[in-house]
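Chain residues, written in single-letter form:
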Amino acid sequence: MPAIAEREMLRLLRPLLGVPRVALAGFLRDRGIGWVDDPSNANPAFARTRIRAALPGLAANGLGAAPHAAAARRMAVSRATLERETARLLARHAAVFPQGYARIACPALAGAPPELARRALLRLLACVGGAPYPPRGERLDGLLAALAVRPFRGRTLAGCRILPDGDALLIVRE
């Protein structure tokens, strides 16, 4: 779960993710402040609930919560770094136009590490196409592979047409 999550018209901030639940409950209890428990946290239909239930058994075998939490923190830092670098790539080499299309420089996309190129394209497709969910990984991978073949003749994906435009890609709504 990210500490900051962007949604349509909403930014979710979770500044206390690193604070153990027991410590939060104790803090509130000491001050006479009530709280509400999210019922989904006890619903075994969710993987996070099943994982929490398995933690005591894992801890008994030397696989306690601390190493998992440390790994999650490292993954969060990696995710934030990828997000920042994707934003930097887009800010330097892409433009979104008020008419509803985008353009990104092909050399910048081709020269970017594969995961950054992937994320940049995902963001542009989401921005222009307006689909509620990003395209599936294999479809996006197919687009990235097609971009590497010359001459690129264009493709459609996520409600968008991706077209060659000189040394750039033009992304327009389908």
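About the thresholds
Residues numbered from 1 in each chain as written. Predicted model: local features only at pLDDT ≥ 70, side-chain atom pairs only at ≥ 80, totals over all residues. Heavy atoms only, no water. Salt bridge = Lys/Arg side-chain N within 4 Å of Asp/Glu carboxyl O. Helix = DSSP H or I, 4+ residues; strand = E, 2+ residues; numbered from the N terminus. Buried < 20%, exposed > 50% of the residue type's maximum accessible area, 1.4 Å probe, protein only. Contact = heavy atoms within 4.5 Å. Expected span 1.5 Å × (residues − 1). Core = buried A, V, L, I, M, F, W, Y, C linked by side-chain atoms within 4.5 Å. Phe/Tyr/Trp six-rings, centres within 6.5 Å; stacked < 30°, edge-to-face > 60°. Lys NZ or Arg CZ within 6 Å of the ring centre and 35° of its normal. Axes fitted to C-alpha atoms, helices over the stretch in contact; angles between N-to-C directions. Parallel < 35°, antiparallel > 145°, perpendicular 65-115°, else oblique. Left-handed = near helix turned anticlockwise from the far one by under 90°.

### A look at the pattern of salt bridges
Any two side chains of opposite charge can pair if their charged atoms end up close together. A complete count under the given rule lists eight salt bridges for this structure. The salt bridge involving Arg21 is made with Asp37; its shortest N-O contact spans 2.4 Å. On the criterion of sequence distance, the pair formed by Arg21 in helix H1 (residues 21–30) and Asp37 in the loop between H1 and helix H2 (47–60) is long-range, its members being 16 residues apart. Relative accessible area serves as the criterion here: at 56%, Arg21 is assigned to the exposed category. Under the relative-accessibility criterion, Asp37 is labelled partly exposed at 45%. What you see here is one network of salt bridges that share partners, running through Glu83, Glu115, Arg119 and Arg123.

### With respect to the environment of Ala168
Take Ala168: it is sitting in strand S7 (residues 168–173). Spatially, the C-alpha atoms of Ala168 and Ala94 are 9.1 Å apart, while their sequence positions differ by 74 residues. Every residue in contact with Ala168, bar those within four places of it in the chain, is listed here: Arg103, Ile104, Ala105, Cys106 and Leu163.

### A word on helix H3 (residues 65–93)
Its 29 residues place the ends of H3 41 Å apart at the C-alpha level, agreeing with the 42 Å of an ideal helix rising 1.5 Å per residue. Within the sequence span of H3, burial applies to Ala70, Thr86, Leu89 and Leu90.

### Observations regarding the nonpolar core
Formed by 26 residues in total, the largest nonpolar core has its most connected members in Leu109, Leu121, Leu125, Leu143, Ile162, Leu169 and Ile171. Among the elements of the structure, H3, strand S4 (101–105), helix H4 (106–111), helix H5 (114–129), helix H6 (137–148), strand S6 (160–165) and S7 are those that each provide at least two residues to this core. With seven residues, the top contributor of residues to this core is H5. With near-sequence residues (within four places) excluded, Leu125 lies in contact with Gly130, Pro135, Leu140, Leu143, Leu157, Ala158, Cys160, Ile162 and Ile171.

### Focus on the packing of aromatic side chains
Counting across every chain of the model gives one aromatic pair. Seen from their ring centres, Phe97 and Tyr101 are 4.5 Å apart, and the 15° between their planes marks the pair as stacked. Of note, Arg48 hangs over the ring of Phe46, and the distance from its end group to the ring centre comes to 4.8 Å.

### Quick notes on the packing of H3 against H5
At a minimum axis distance of 9 Å, the contact between H3 and H5 shows a crossing angle of 65°. By the angle class used here, H3 and H5 are roughly perpendicular. The two elements H3 and H5 cross, and the hand of that crossing is right-handed. Residues Leu82, Glu83, Glu85, Thr86, Ala87, Leu89 and Leu90 of H3 pack against Glu115, Leu116, Arg119, Ala120, Arg123 and Leu124 of H5.

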